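# Notes for the structure review
Listed below are the residues making up each chain.
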Amino acid sequence: MASKLGLIIKREYLAKVRNRSFIVMTILSPILMVGMIVLIAYLAKVNDDETRVISVLNDSAFFQTEFNPSKNISYVLMDDLSLEQAKDSTNSLEYYGLLYIPNEATAEEAANSTYLFTKDNPNTSVTQELEGIFQKKLRQARLQRLGVSPQQFSSIEKPFEINLSTFEGEKSMKGINEIKAFIGGGFGYAIMMFIIIYGGFVMRSVIEEKTSRIIEVIISSVKPFQLMLGKIIGNSLAGITQFSIWIISASLLMFAVVLIFGVDLAALSGENGVTPGPMGMSPLGAMDGKMMMYAKEIYDIPWGLLIVSFFIYFILGYLIYSSIYAAIGAAVDNETDTQQFIFPIILPLMLAIYVGFFSVFSNPHGPIAVGFSLFPLTSPIVMLMRLPGGVGEGGVPLWQFLLSIFLLIVTFLGIVSLAAKIYRTGILMYGKKPTYKELIKWLRY
């Protein structure tokens, strides 16, 4: 039996890796992936570099010094013009908009009567920045009426950020749990895509052999269970081969991109006109310190555990779902008939992605996150979202990690035995569209 199974695995593996589309996608996918990352970064930079020009017609005695240029907005002051003239000038100069502040008795009345005129609906970031300018001025005016001086107001407005630390005395950062969950979610999303892609390969392979009647010759030499298991393992090894090539080549390409295009060192240095603060440290220097702490937190992620766990959960998750895909392929005569069975298979994977993100982001140790990371049909994705926090104290409890793997193994053995019954019965049946009722009947044979 072992020799026959080995031959089937070898046949399926070689048939897959020698396929022209497999070779092309293995070469092109890392290039497309890195190219997409570079393109998104470039487009984001271009989008951030866009500066919107807003003309300001201020007829009031208030808001005289508030409109200073920012990263995305610059202001042009207009004087001695009527509102209609200012609108015409703004349009002819193709500015983004016109901010009109009428002459009123108080700052409150002037602010409430202010309008921003634009050609289309204004960008949310623009309105938020303008509202922030008015809000700050109005808050200052209200406090001054209560006897608060501008210097006192500045001290009141000083931002506060709470210090975070572990019980062991190590400084921690806010938002790091979300970053870790996002990294784990990337691994989980990769598993979902591979399960769908390579599970589909198994299903189509079974359908092709069944419709060409080659299967009748093959099962005269091997048992249906051996054939199904060989197809599953062979495609699994092909998937691992392809993914390993992708990881290595994409990493090398990203490293080459960083070396070729370099890093904007001006953004990391003090050469930007920022006035140094106390002790000679600029606000940017403090920001660099935070970035270094975030970099350290990401560096401290147990990458070895995460990568090894990825392959464990990928293999076990793939074995479970590909067994179902193989059973569906054996039960139908063409790919069109598979549509009624595909959605129930994909549903747990989609649920794992969306529920996993929401639950792990907010509370990686909450009951929903724990439950989905133990449930075998969702654990390959959700558990990987939790694993960047480590296993053991402060991370995923060791018993949960081991229990999820144990449940995956038990589930695979159970599902593969059930799938084998459907495969054995359906592989030689032709010309009849199966129903769920018939599939349940086949499980009893």
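Residues numbered from 1 in each chain as written. Predicted model: local features only at pLDDT ≥ 70, side-chain atom pairs only at ≥ 80, totals over all residues. Heavy atoms only, no water.

## Looking at the overall build of the protein chain
As a reminder of what qualifies: In this text, helices come from DSSP runs of H or I with a minimum length of four residues, and strands from runs of E with a minimum of two, each type numbered from the N-terminal end. Each residue gets one of three labels from its accessible area relative to the maximum for its type: buried under 20%, exposed over 50%, partly exposed in between, using a 1.4 Å probe on protein chains only. In this description, contact between two residues means that some pair of their heavy atoms is separated by no more than 4.5 Å. Here the open area of atoms and residues is found with the Shrake-Rupley method and a 1.4 Å probe, where only the protein chains shown may cover a residue.
What the protein chain contains, in helices and strands, is 16 helices and 4 strands. Relative to its full complement of 445 residues, the protein chain shows a buried share of 39%. Sequence separation of 24 or more characterises 71% of the internal contacts of the protein chain that already satisfy a separation of 6 or more. If you sum the accessible surface of the protein chain, you get close to 25,600 Å²; carbon and sulfur atoms cover 65% of it.

## Overview of the nonpolar core
Keep this limit in mind: To define a nonpolar core, start from buried Ala, Val, Leu, Ile, Met, Phe, Trp, Tyr and Cys residues and group those joined through side-chain atoms within 4.5 Å.
Ranked by internal contacts, the top residues of the largest apolar core, which has 75 residues, are Met228, Tyr313, Leu384, Leu387 and Tyr423. The biggest single contributor to this core is helix α11 (residues 303–331), with 15 residues. Not counting residues up to four positions away in its chain, the partners in contact with Tyr313 are Ile191, Tyr318, Ser379, Pro380, Met383, Leu384, Leu387, Phe401, Ser404, Ile405 and Leu408. Ile54, Val56, Phe63 and Tyr75 belong to the second-largest nonpolar core, a separate cluster that totals 16 residues.

## Describing the sheet that holds strand β1 (residues 52–58)
To be explicit about the condition: When DSSP finds two or more bridges between two strands, those strands count as paired. The convention used is that axes are lines fitted to C-alpha atoms, helices contributing only their stretch in contact, and that angles between N-to-C directions extend from 0 to 180 degrees.
Strand order in the open sheet made by the 4 strands is β2-β1-β3-β4, with mixed pairing throughout. With partners counted over all chains shown, the strands left at the sheet margins are β2 (73–78) and β4 (115–118), one partner each. Each strand of the sheet is rotated relative to its neighbour by a mean of 25°, with strand direction disregarded. Bridge analysis of β1 against strand β3 (residues 97–101) gives 5 bridges, and the strand direction is parallel. Residue pairing for β3: Asn58 is matched across the bridge by Ile101. Across the sheet, helix α3 (residues 83–92) is in contact with β1, β2, β3 and β4; its angle to β3 comes to roughly 160°. Here helix α5 (residues 124–145) sits on the sheet and contacts β1, β2, β3 and β4; the angle it forms with β2, its principal contact strand, is near 60°.

## What about the packing of α11 against helix α14 (residues 379–386)?
The condition is simple: For classification, angles of less than 35 degrees are called roughly parallel, those exceeding 145 degrees roughly antiparallel, those between 65 and 115 degrees roughly perpendicular, and all remaining angles oblique. Throughout, the ten residues Ala, Val, Leu, Ile, Met, Phe, Trp, Tyr, Cys and Pro are labelled nonpolar, Asp, Glu, Lys and Arg are labelled charged, and all others, Gly among them, are labelled polar.
Taken N-terminus to C-terminus, the directions of α11 and α14 make an angle of 170°; their axes are 9 Å apart at the nearest point. Overall, the two elements α11 and α14 adopt an arrangement that is roughly antiparallel. Where α11 abuts α14, its residues Leu306, Ser309, Phe310, Tyr313 and Gly317 lie against Ser379, Pro380, Met383 and Leu384. Of the residues that constitute the contact of α11 with α14, the class distribution is 6 nonpolar, 3 polar and no charged.

## Examining the packing of aromatic side chains
Which entries qualify depends on this criterion: Each pair of aromatic rings taken from Phe, Tyr and Trp, with Trp reduced to its six-membered ring, is defined by centres within 6.5 Å and is described as stacked if the planes are under 30 degrees apart, edge-to-face if over 60, and tilted in the remaining cases. Cation placement over rings: the criterion is NZ of Lys or CZ of Arg within 6 Å of the ring centroid and within 35° of the ring normal.
Scanning all chains against the criterion turns up 13 aromatic pairs. With a centroid separation of 6.0 Å and 25° between ring planes, the pair formed by Tyr115 and Phe117 is classed as stacked. Since its relative accessible area comes to 26%, Phe117 is described here as partly exposed. On the numbers, 5.6 Å between centres and 55° between planes, the contact of Phe194 with Trp246 is tilted. Residue Phe194 is found in helix α7 (residues 176–211), and its partner Trp246 is found in helix α9 (residues 224–261); the two are separated by 52 residues along the sequence. Neither residue differs from the other here; Phe194 and Trp246 are each classed as buried. Through successive ring pairs, a cluster of aromatic residues spans Phe187, Phe194, Tyr198, Phe201, Trp246, Phe310, Phe311, Phe314 and Tyr318. When the ring centre of Phe117 is taken as origin, the NZ or CZ atom of Lys87, which lies over that ring, is 4.2 Å away.

## A look at the pairing of β3
Regular strands place their side chains on alternate faces of the sheet. Among the 5 residues in β3, 5 count as buried, and that is most of the element. Of the two faces of β3, both are covered, the one formed by Gly97, Leu99 and Ile101 as well as the one formed by Leu98 and Tyr100. As paired strands, β3 and β4 are joined by 4 bridges and run antiparallel to one another. The residue of β4 that forms the bridge with Gly97 is Thr118.

## Some details on the side chain of Asn235
Its location among the elements puts Asn235 in helix α9. On the basis of relative accessible area, Asn235 is assigned to the buried category, the value being 2%. Excluding anything up to four places from it in sequence, Asn235 contacts Glu12, Lys16, Tyr198, Phe201, Val202 and Tyr318.

## Structural notes on the side chain of Gln400
We apply this condition: Polar contacts, as counted here, are pairs of nitrogen or oxygen atoms within 3.5 Å of one another; within protein the pair requires one atom able to donate a hydrogen and one able to accept it, and residues that are adjacent in sequence qualify only if both atoms are side-chain atoms.
Tracing the sequence through the fold places Gln400 in helix α15 (residues 398–426). A polar contact of 3.0 Å, which involves the side chain of Gln400, links it to the side chain of Arg386. Dropping the residues within four chain positions of it, Gln400 is found in contact with Val370, Leu374, Met383 and Arg386.

## What to know about the environment of Leu377
Checked against the element boundaries, Leu377 lands in the loop between α13 (367–374) and α14. Considering only alpha carbons, one finds Leu377 and Tyr321, 56 residues apart in sequence, at a separation of 8.4 Å. If we skip the residues at most four places from it in the chain, Leu377 touches Ile320, Tyr321, Pro348 and Leu349.

## So, a nonpolar patch on the surface
Applied cut-off: Note on patches: the residues involved have over 30% relative accessible area and no salt bridge, like charges join within 9 Å, and the nonpolar side chains Val, Leu, Ile, Met, Phe, Trp and Tyr join within 5 Å. A carboxyl oxygen of Asp or Glu within 4 Å of a side-chain nitrogen of Lys or Arg is what we treat as a salt bridge.
A grouping of Ile23, Val24, Met25, Ile27, Leu28, Ile31, Leu32 and Leu253 is seen on the molecular surface, where their side chains present a nonpolar patch of about 670 Å² in accessible area. When residues of the nonpolar patch are assigned to their parent elements, the largest contribution, 7 residues, is made by helix α2 (residues 20–49). Within the element layout of this structure, Met25 appears in helix α2.

## Focus on the pattern of salt bridges
Under the criterion given, the structure shown has 4 salt bridges. One salt bridge in this structure joins Glu12 and Lys231, with 2.8 Å as the shortest N-O distance. Of the two residues, Glu12 sits in helix α1 (residues 2–17) while Lys231 sits in helix α9, which places them 219 residues apart along the sequence. Assessed through its relative accessible area of 6%, Glu12 is described here as buried. Given a relative accessible area of 1%, Lys231 falls into the buried group. Glu108 is the partner of Arg142 in a salt bridge, and the nearest nitrogen-oxygen pair spans 2.5 Å. Pair noted here: Arg142 is in helix α5 and Glu108 is in helix α4 (residues 107–112), with a separation of 34 residues, a long-range link. Since its relative accessible area comes to 34%, Arg142 is described here as partly exposed.

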